Every structure is written in C-alpha cells, then in structure tokens.
Amino acid sequence: MNNPIKNTKTLADQFMFNTYARFPITLVRGDGCRVWDEDGREYIDFVGGIAVCALGHSSPLVTKVLTEQSRQLVHVSNLYYTRPQAELAQLLVENSFADKVFFCNSGAEANEAAIKLARRYSGEKYGKDRHVIITMKGSFHGRTMATLSATGQEKVKTGYDPLLGGFQFVEFNDLSGLKQAMNPSVCAVMLEPIQGEGGVVCPKADYLKEVRRFCDENNLLLIFDEVQVGMGRTGRLFAHEHYGVTPHIMTLAKALANGLPIGAMLAIEDLSSAFGPGSHATTFGGTPLITAVSKAVLSSLLKDGWIEHCQEMGEYFKGRLLELKKRYDFIIDVRGQGLIIGVELNREGASIVRTCMERGFLINCAQEKVLRFIPPLVVTKEEIDQLVDTLEAIFRV
Ligand SMILES: Cc1ncc(COP(=O)(O)O)c(C=O)c1O
C-alpha cells in the first residue's frame, strides 16, 4: 500500500487508541541485544520487550522453528491434540514442581486461569464461601478485570469500578500482615516472588518459605506469578528456586516463546480434577506454531547455558551498578536477581531514560523512581559496560 502518511507516529496517533505513553521512535529491526529505528539508529536494548526476548531479537532458533512449523501446522483449535503443545507441557512439568499445564495467550490470562482454578478447587473442596485470594500491595497481575482486581496498585485501576470482589491486599514481605488478614473465606495467596512492575522488590530471607508454611497450616493454595521473573530471568529457571520454596500454582508468559504470545498456568496434580472438560478454554491457547517455538526456547535456555550466563552477567551488572551507588548519593538502592535489576533513585528517572535513549540505550523506569534493567539474557559484558559507562556520564553532570 502506498500510504500517504509517511510518519509512523502520525499514523499511529491518528488511528490507534492512545493507551501507551510511547517514546517517539519507530523500531524496524532487531538482532541479539540491539534494535534499529527507521532512520538506521542503533540502540542497545536493556528492556528486551519488557523481559520477553530472552534469547535476543531475531533469534535464529526462533526463526527456524517458526518457519518449519508454519509450513506444517499453525492452528487447529483445542478440539484436537497437537504434538508440540503436549511436548511443551512435558518439558515444563519435567523442569518444575508442577504436574499439569494449561496454555493461554498472555500473562493476564495465565493469572485468570490461576484465579479460576484456585476458586473452583477451593469451592468444590471447602464450599463456595471460600473464595478470597490474598494478594500483595505493589503487585501487578495484568489488565483484565480479574487480574486488575488482583493487582495491588491503585493507579492502574482508575475508572474501572466495579472491580471484581474477593481480593484482599496485604504488604509484601510482611508475614504478620498476612496472618492478620486470614479469615475463613480465604482460599489462596497470590504473589510475585520478585515484584517487577512494583519496582523490582525482592523477598526478604525466608519470607516466601514462611508464606508457604502459613498456606500449608491453613490449607491455602499458594500461587506464584512468574510471568515476568520466570524463564531464566533471575539466573534460575524459575525465581522461586532461589528461595527453597514451591507453590501449588505458577503462571508464566513473557519470555516463554521469546516474543510470540503465550501464557501458561502450571499446577500440582491435586488440582487437576477441578479443571475438567469445559471448565476453562481459549481458542488460541497453545497453538502448534507457538508451542513449537516455546519448546525450542525452553530447551535452549536449559541446555545452551543461557541461565548460567544470565546469573554471571547479572552479578557483573549489579557489581558495576553498586560501584555507581558508592559514588552518587541519589542512588538509594541497587537490587535484583540475575538480569532483573532495579536502581532506586531519590528522584524521578524519566529524564535519565530519555537521555539514555538519545545516547543509544533503551532502559525502563518502574514506579517513577526505579530504573529497571531487564535485557535479553544473551547480553554481553561489553554491552553492560557500555550502558554503565553511559549512565555514569549522565549521572556526572
Ligand atoms: C508479574 C506480571 N504478571 C502479569 C502480567 C501481565 O502480563 P500480560 O501483559 O502478558 O497480560 C505482567 C506484565 O507485565 C507481569 O509483570
């Protein structure tokens, strides 16, 4: 089509809802940790599609599997079995605490499935009054009505009342608050092992273990939302592995297929009977095309050393950022695990994000004051050095 509107920003602003506060660049190409805009400017990408492109942009592996599988079979619906879907489920189960998997299309949908499963299981087992899910202040679980209702941040909820009932909020990292919130209607506790959108907030030592113990003592289900921090991001396949604890249910999305839309809800065997035929479904969930890619991505993370690389790069990156913290007193904290790192400032970070972009680096800011780094896991020491040197030059002025 010979489009008379040449400028992409103009085109998008005219024809699309303005739901995203976008940066004024149009990206056209990517390779590894680098992306290029339509004017040919190169950026080193420390956002990675918001913790999605773990194996980097234009991964040859993804391209190969996508091409081969698209020639074979793209979609047939979940009325029929398809091999890639079943094999991806097997791989996830064999590498996690879980026994069963449900596939969907996004993180929010995976959390919807988790909420539905927890309520259905608890309702069948203990009666329908037991349906409340305790979630955390500062959490983020998605933008559908149920996951928005579960989210512990007021700013994303404005204007959508009435939200879904049955969620109760407590402070993250506060076990006594959780205990106080307990009542007979509670069926589950849902949390992110590390809060991503909340500003890279890590759990205190033993907090997650104590939460699990509390759940066990009260017959509650524990749901871990690993949509952002799962799939190798923290230097282990799943973030909860760092803390010696497993949940009953876990949700995944983002990096699961390196950029193709997929979500997954994993659970222990005990819960499987609550999700029988007709109980939950989605047209696109786990298509052969996307699950074939996801299986290749997960296999590569497991066998090609990317998780170990992530751990090594994460430690190096954090070390360099801690050096900056010593020199600049407006840095309050440097925290994170593997390649999800937050640098908390005593001021807003938006201008630093903008200046980084002008100098050829994409970074992100969460909760206004926390610079968040979530690059592809294939990032190199040299790329980390280039970014940290640039940050230092920006901080110096
Ligand atoms: C922890 C967590 N859960 C859920 C979601 C929602 O995922 P999606 O945007 O794929 O619906 C996100 C997205 O940022 C997230 O970080």
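The present account deals with the structure reproduced in this document.

What counts, and at which threshold
- Residues numbered from 1 in each chain as written.
- Predicted model: local features only at pLDDT ≥ 70, side-chain atom pairs only at ≥ 80, totals over all residues.
- Heavy atoms only, no water.
- Salt bridge = Lys/Arg side-chain N within 4 Å of Asp/Glu carboxyl O.
- Helix = DSSP H or I, 4+ residues; strand = E, 2+ residues; numbered from the N terminus.
- Buried < 20%, exposed > 50% of the residue type's maximum accessible area, 1.4 Å probe, protein only.
- Phe/Tyr/Trp six-rings, centres within 6.5 Å; stacked < 30°, edge-to-face > 60°.
- Polar contact = N/O pair within 3.5 Å; in protein donor to acceptor, adjacent residues only side chain to side chain.
- Contact = heavy atoms within 4.5 Å.
- Pairing = 2+ DSSP bridges.
- Axes fitted to C-alpha atoms, helices over the stretch in contact; angles between N-to-C directions.

### Observations regarding the pattern of salt bridges
When the charged atoms of two side chains with opposite charge come close together, those side chains can pair.
Logical step 1: Under the counting rule described, the total for this entry stands at 20 salt bridges.
Logical step 2: A salt bridge links E171 to K137; the nearest nitrogen and oxygen atoms lie 3.7 Å apart. One end of the pair, E171, is in the loop between β6 (167-170) and α7 (175-181); the other, K137, is in the loop between β5 (132-136) and α6 (145-150), with 34 residues separating them in the sequence.
Logical step 3: For K137, a relative accessible area of 40% gives the class partly exposed.
Logical step 4: Across the pair D216 and R212 runs a salt bridge, and its minimum N-O distance is 3.1 Å. Pair noted here: D216 and R212 are both in helix α8 (residues 207-217), with a separation of 4 residues, about one helical turn.
Logical step 5: Through salt bridges with shared partners, a single network forms among R34, E42 and E383.

### Quick look at the packing of aromatic side chains
Centre distance and the angle of the planes are the two values used to describe a pair of aromatic rings.
Logical step 1: Throughout the structure, instances matching the rule amount to 7 aromatic pairs.
Logical step 2: Judged by centre distance (6.2 Å) and plane angle (65°), the ring pair of F102 and F275 falls under edge-to-face. Placement of F102 in strand β4 (residues 100-104) and of F275 in the loop between β10 (263-267) and α9 (288-303) is noted, with a sequence separation of 173 residues between them. Just as F102 is buried, F275 falls in that class too.
Logical step 3: With a centroid separation of 5.3 Å and an interplanar angle of 55°, the aromatic rings of F317 and F373 are classed as tilted.

### Digging into the side chain of T135
Logical step 1: Residue position: T135 is located in strand β5.
Logical step 2: A polar contact is formed between the side chain of T135 and the backbone oxygen of A150, at a distance of 2.8 Å.
Logical step 3: For T135, the residues in contact, after removing those within four places along its chain, are H141, A150, F167, Q168, F169, V170 and M190.

### A short note on the sheet that holds strand β13 (residues 361-362)
Logical step 1: Reading across the sheet, the 4 strands line up as β1-β2-β3-β13 and stay open at both edges, with mixed pairing between neighbours. Edge positions in the sheet fall to β1 (27-31) and β13, since each of these pairs with one other strand and no more.
Logical step 2: Sheet analysis places strand β3 (residues 42-45) next to β13, joined by 2 bridges and oriented parallel. Of the residues in β13, the one forming a bridge with I44 is F361.

### A closer look at the sheet that holds β6
Logical step 1: The 7 strands are arranged β4-β10-β9-β8-β7-β5-β6 in an open sheet whose pairing can be described as mixed. Both outer strands of the open sheet, β4 and β6, are each paired with one neighbouring strand and no more. Across the sheet, the mean angle from the axis of one strand to that of its neighbour is 20°, orientation sign disregarded.
Logical step 2: For strand β8 (residues 221-225) and strand β9 (residues 249-252), the ladder comprises 3 bridges, and the chain directions are parallel. Following the sheet pairing, D225 is matched in β9 by T251.
Logical step 3: Against the sheet, helix α4 (residues 83-94) engages β4, β9 and β10, with an angle of about 130° to β4.

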